[in-house]
Amino acid sequence: MPVPAVSMVERLVVIGASAGGFSALQTIFSGLGTDFDFPILVCKHLGIGDEKGLVDVLASRTGTTVMLSQDKLPMYNGCIYMAPGNYHLQVESRDTISLSIDERICHSRPAVDVLFESAADVFKDQVTAVVLTGANSDGAAGVEAIKNSGGKVVVQSLDSAEVKIMPKAAIETGCVDEILDLEDIAAYLRRS
Amino acid sequence: MTDDFQDLELQLLMDAVKARYGYEFAHYARASMMRRIRKHMEAAKTDRISDLIPLFIHNKAAFAHFVKDMSVTVTEMFRDPDFFQALRKSIVPLLKTFPFIKIWHAGCATGQEAYSMAIMLDEENLLERCQIYATDFNENSLKIARSGIYPDADLALYQENYSKSGGCKSLDQYCSRGYDSIKFNGRLTEHITFANHNLVSDGVFGEMNLILCRNVLIYFNNELQDRVLKLLIDSLRSRGILCLGRRENIRFSEAAGLLETVDRHQRIFRKKA
Ligand SMILES: C[S@@+](CC[C@H](N)C(=O)[O-])C[C@H]1O[C@@H](n2cnc3c(N)ncnc32)[C@H](O)[C@@H]1O
């Protein structure tokens, strides 16, 4: 695993995904390359146990530094942190992530809402949230929190989403800045 | 939320709570804490953290509700089955060498972890030689833990975890069923003492052979994690075993130097001699 250069985290990207999210994440990570200058925190709903495989496959297929999150792990630019099964992933401070096993949200732990709300709380307008394919309305409340703190919200277009329920719920909040096809999301994140 | 002064307001609220009720939440991890505070702000229909100060100070019930929220009780039997499997394989043989065994579950919530331990020890013919202490600072949770009564609906998950952990019986054998609930046998309860203990403000527990403190430190910030980790280590006998939660780590803690790793993946450590 390449050792990332230590520099201040100026901005953050958070991604929420559920059903169909694995291949969607692969597309985005591949498109990002390895030199993006922000950390990415990902909440992908999963069954307990598949997480290690998920992380390994994403890392090997995309060449990016993908890690399974641990409590109070420092976060670095250019690294991707995946939520472990059965824990919520949170932004603890500007340079640290944390975990919790609070109640499930929308039947999910990890929950996208928890990740997004904690990101909004710490990073305010310096966070971009991305909602991808999924069969769950988790993430909608989080999207509102991101918007209220001045952050940006990107949602995968319904046409390009394998399962539309999650992006649809996000769009219906009226808090969305961009609706993009899956293939265009990586480029948007690099630019913004 | 108008939050230019969020950190200041948070600190003032924690100071007020401590002065009024003696509860120390100042060093709890921020993200989890903010989730709870936000929930209470919504209920109180306010958008300032500091508005909770008069509410909590004057309204005991409102504060009691907050304390209850702060002590998350999500737990299950044989959570992380492969951890229990590792315990059985690599720690039980060690325990067998002792004439008497003291075990502490710190932050036991509603007690499922302690009953899981008792069942495992029983199957290893060790229970008779064991005293299990299970503590939490949440009196409501302890009440449930002492009763040993859980929803029958949870039994399927517990059984699945238990089997995955290497258990080969039916959990039915350890409990009686009825009225949509299960109740663990007195034979198990006999060896477990449930007690109120606050890891932040109470002292060392003393001379344990094995301590489990899983998924509790995640609710503390680094400074408090370090302090509590030292307390746990101080409560262990020389070469005693400490088990943390699956996604917790001691890497960034000063106290880490006092421990050696037994099983990196399962977060099993041993106190250095
Ligand atoms: C999520 S539960 C963990 C239960 C169990 N160990 C497990 O892993 O399944 C966390 C527990 O830590 C307890 N806790 C939090 N702060 C504490 C403190 N200061 N002293 C004692 N217990 C505390 C809570 O009341 C809660 O029951």
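The rules behind the values
Residues numbered from 1 in each chain as written. Chains lettered and ligands numbered in written order. Predicted model: local features only at pLDDT ≥ 70, side-chain atom pairs only at ≥ 80, totals over all residues. Heavy atoms only, no water. 1 Å grid on protein atoms, 1.4 Å probe; cavity = no way out; pocket = protein on both sides within 12 Å on 5 of 7 lines; lining within 4 Å. Points joined across faces, edges and corners; volume = space filled by probe spheres on them. Helix = DSSP H or I, 4+ residues; strand = E, 2+ residues; numbered from the N terminus. Nonpolar A, V, L, I, M, F, W, Y, C, P; charged D, E, K, R; others polar. Domains from an automatic or database assignment. Contact = heavy atoms within 4.5 Å. Buried area = accessible area lost by both parts, 1.4 Å probe. Salt bridge = Lys/Arg side-chain N within 4 Å of Asp/Glu carboxyl O. Polar contact = N/O pair within 3.5 Å; in protein donor to acceptor, adjacent residues only side chain to side chain. UniProt positions renumbered as here; feature names shortened; annotations may be inferred. Pairing = 2+ DSSP bridges. pLDDT = per-residue confidence, 0-100. Near = heavy atom within 4 Å. Areas by Shrake-Rupley, 256 points an atom, 1.4 Å probe, with all protein chains shown as cover. Core = buried A, V, L, I, M, F, W, Y, C linked by side-chain atoms within 4.5 Å. Buried < 20%, exposed > 50% of the residue type's maximum accessible area, 1.4 Å probe, protein only.

Participant: Can you help me understand the layout of surface pockets in this one?
Facilitator: Rolled over the atoms, a probe as big as a water molecule pinpoints where empty space is left. Size it by volume and the second largest pocket reaches roughly 850 Å³. If you trace the second largest pocket, you find 34 residues lining it, with Glu117 of chain A together with Arg35, Arg38, Lys39 and Glu42 of chain B closest to the centre. Elements that contribute at least two residues to the lining of the second largest pocket include exactly helix H3 (112-123) and helix H4 (140-148) of chain A together with helix H2 (30-43), helix H4 (60-70) and helix H7 (139-147) of chain B. Residue classes in the lining of the second largest pocket are distributed as nine nonpolar, 11 polar and 14 charged. Mapped onto the domain boundaries, the lining of the second largest pocket takes at least three residues apiece from domain 1 (1-70) and domain 2 (81-271) of chain B.

Participant: Can you walk me through the interface of chain A and chain B in this structure?
Facilitator: If you look at the interface, chain A gives 29 residues, while chain B gives 30 residues. Carbon and sulfur atoms make up 42% of the surface buried where chain A meets chain B, a total of about 2300 Å² over both sides. Taken as a group, Lys72, Tyr87 and Ile101 of chain A account for 26% of the area that chain A buries against chain B, more than any other trio of residues on that side. Between chain A and chain B we count six salt bridges in total. One salt bridge connects arginine 30 of chain B with aspartate 121 of chain A, and the closest N-O pair in it is separated by 3.2 Å. Between the two partners, chain A and chain B, sit 19 residue pairs in polar contact (both at pLDDT 80 or more). Contributions of two or more residues to the side of chain A that touches chain B are made by strand S5 (88-93), strand S6 (96-100) and H3 of chain A. If one sorts the elements of the side of chain A that touches chain B by residue count, H3 of chain A sits on top with six residues.

Participant: Help me understand the UniProt feature "active site" (unreviewed entry) in chain A, please; the structure alone is not making it clear to me.
Facilitator: Residues and elements named next belong to chain A. Residues annotated in UniProt with the feature "active site" (unreviewed entry) correspond here to Ser18, His45 and Asp138. In summary, the annotated positions, though distributed over 121 residues, converge in three dimensions, the widest C-alpha pair being only 9.7 Å. Within the fold, histidine 45 resides in the loop between strand S2 (40-44) and helix H2 (51-62). Non-local contacts of histidine 45, meaning those with residues more than four positions away in its chain, are made with Ala17, Ser18, Ser108, Pro110, Ala111, Val112, Asn136, Asp138 and Met166.

Participant: Help me understand the domain arrangement of chain B, please; the structure alone is not making it clear to me.
Facilitator: In many analyses, interface size is given as the accessible surface area lost on bringing the parts together. All names here are of chain B. When its domains are assigned, chain B resolves into domain 1 (1-70) and domain 2 (81-271). A separation of 30 Å is found between the C-alpha centroids of domain 1 and domain 2. The interface of domain 1 with domain 2 comprises nine residues on the first partner and 11 residues on the second. Overall, the association of domain 1 and domain 2 removes approximately 990 Å² of surface from exposure, summing both partners, and the carbon and sulfur fraction of that is 56%. Remark: the boundary between domain 1 and domain 2 carries zero salt bridges. Summed over the shared surface of domain 1 and domain 2, the number is two residue pairs in polar contact (both at pLDDT 80 or more).

Participant: What am I meant to see in the pairing of strand S9 (residues 259-263) of chain B here?
Facilitator: The side chains of a regular strand alternate between the sheet's two faces. All names here are of chain B. Here four bridges tie S9 to strand S10 (residues 268-271), and the two strands are oriented antiparallel to one another. The partner of threonine 261 across the bridge, within S10, is phenylalanine 269. Hairpin connection of S9 to S10: four residues between the antiparallel strands, including arginine 267 at a positive phi of 60 degrees.

Participant: Sorry, what's going on with the confidence of the model for chain B here?
Facilitator: One rule of thumb: low pLDDT means the predicted coordinates there are not for detailed reading. Taken residue by residue, chain B gives an average pLDDT of 94. The fraction at 70 or more is 99%. At the level of chain-chain contacts, confidence expressed as ipTM amounts to 0.91, with global pTM at 0.93.

Participant: Hey, could you run me through the site of the ligand in this one?
Facilitator: Residue and element names in this part refer to chain B. Near the ligand there are 21 residues, and of these Tyr28, Val72, Thr75, Arg79 and Asp136 occur at the shortest range. In this structure, arginine 79 approaches the ligand through a side-chain N or O atom, which is 2.6 Å from an oxygen atom. Leucine 199 places a polar main-chain atom, nitrogen or oxygen, 2.9 Å from a nitrogen atom of the ligand. Expressed as a share of its isolated accessible area of 600 Å², the protein-covered part of the ligand is 99%.

Participant: I'm lost on the nonpolar core in this one. Help?
Facilitator: Nonpolar side chains tend to gather and get buried jointly when the protein is soluble and globular. One finds Val14 and Leu41 of chain A together with Phe25, Tyr28, Ile37 and Leu232 of chain B to be the most contacted residues of the largest nonpolar core, which totals 83 residues. The element contributing the most residues to this core is H3 of chain A, with seven residues. Residue contributions to this core reach at least three from each of two domains, namely domain 1 (1-70) and domain 2 (81-271) of chain B. Excluding residues within four positions of it along the chain, tyrosine 28 of chain B makes contact with Met33, Met70, Phe137, Val200, Tyr219, Phe220, Asn221 and Leu224 of chain B. Counting residues in hydrophobic clusters, the runner-up holds 43 residues, among them Val92, Leu126, Ala134 and Leu155 of chain B.

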